[in-house]
Amino acid sequence: MRLETSGPADREASPGRVPRRPLPFANLIAKFRTLTSMPKIHGAVTIEKERCKGCDLCVVACPCNVLSLQPKEVNDRGYHFAYPANEEACIGCAACAMVCPDACIEVYRVVVK
């Protein structure tokens, strides 16, 4: 016994087939597209290198690996200070500023349109 099935081409060609209507959530898709075109927010990190003691807490706390310790230069106090090595990856979460014991890090959120 052989069972015959009709493929997608057969379904479209059948005269009793009802054409498809738009999906009920099409308006949600349109709203999603407008939401994704909203401005992006990036972070900007400023570090006072003279106050930094190079404790490395900010480097560890950063989820995006933005900060690093300066390997060759030292500040006036003789410490390798933190600097933004990968600034464009910053999301502005301010995790680095919260863990800094010397309060030498400021994070700004910049809107990019």
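Please refer to the structure higher up on the page.
1. Focus: the pattern of salt bridges
Here comes step 1: For the coordinates displayed, the defined rule picks out two salt bridges.
Here comes step 2: Close ionic contact of R51 with E48 constitutes a salt bridge, the shortest N to O distance being 3.5 Å.
Here comes step 3: Of the residues examined, E48 reaches a relative accessible area of 39% and is grouped as partly exposed.
Here comes step 4: A salt bridge links K53 to D102, with the shortest nitrogen-to-oxygen separation between them at 4.0 Å. In this pair, K53 sits in the loop between strand 1 (40–47) and helix 3 (57–61) while D102 sits in the loop between helix 4 (95–99) and strand 4 (105–112), placing the two residues 49 residues apart along the sequence.
Here comes step 5: Classification of K53 as partly exposed rests on a relative accessible area of 33%.

2. Examining the state of the cysteines
Throughout this description, disulfide means a covalent bond between two cysteine sulfur atoms.
Here comes step 1: Evaluated as defined, the whole model comprises zero disulfides.
Here comes step 2: Here C62 is not cross-linked by a disulfide; its sulfur's nearest cysteine counterpart is in C64, at 5.4 Å.
Here comes step 3: Judged by its relative accessible area of 11%, C62 is buried.
Here comes step 4: Here C90 stays free of any disulfide, with the sulfur of C62 as its closest cysteine sulfur at 6.6 Å.

3. A look at the side chain of Q70
Here comes step 1: Of note, Q70 is situated in the loop between strand 2 (67–69) and strand 3 (82–84).
Here comes step 2: The exposure class of Q70 is buried, given its relative accessible area of 17%.
Here comes step 3: Those residues in contact with Q70, other than ones at most four positions away along the chain, are H80, F81 and Y83.

Cut-offs applied
Residues numbered from 1 in each chain as written. Predicted model: local features only at pLDDT ≥ 70, side-chain atom pairs only at ≥ 80, totals over all residues. Heavy atoms only, no water. Salt bridge = Lys/Arg side-chain N within 4 Å of Asp/Glu carboxyl O. Buried < 20%, exposed > 50% of the residue type's maximum accessible area, 1.4 Å probe, protein only. Helix = DSSP H or I, 4+ residues; strand = E, 2+ residues; numbered from the N terminus. Disulfide = S-S within 2.5 Å. Contact = heavy atoms within 4.5 Å.

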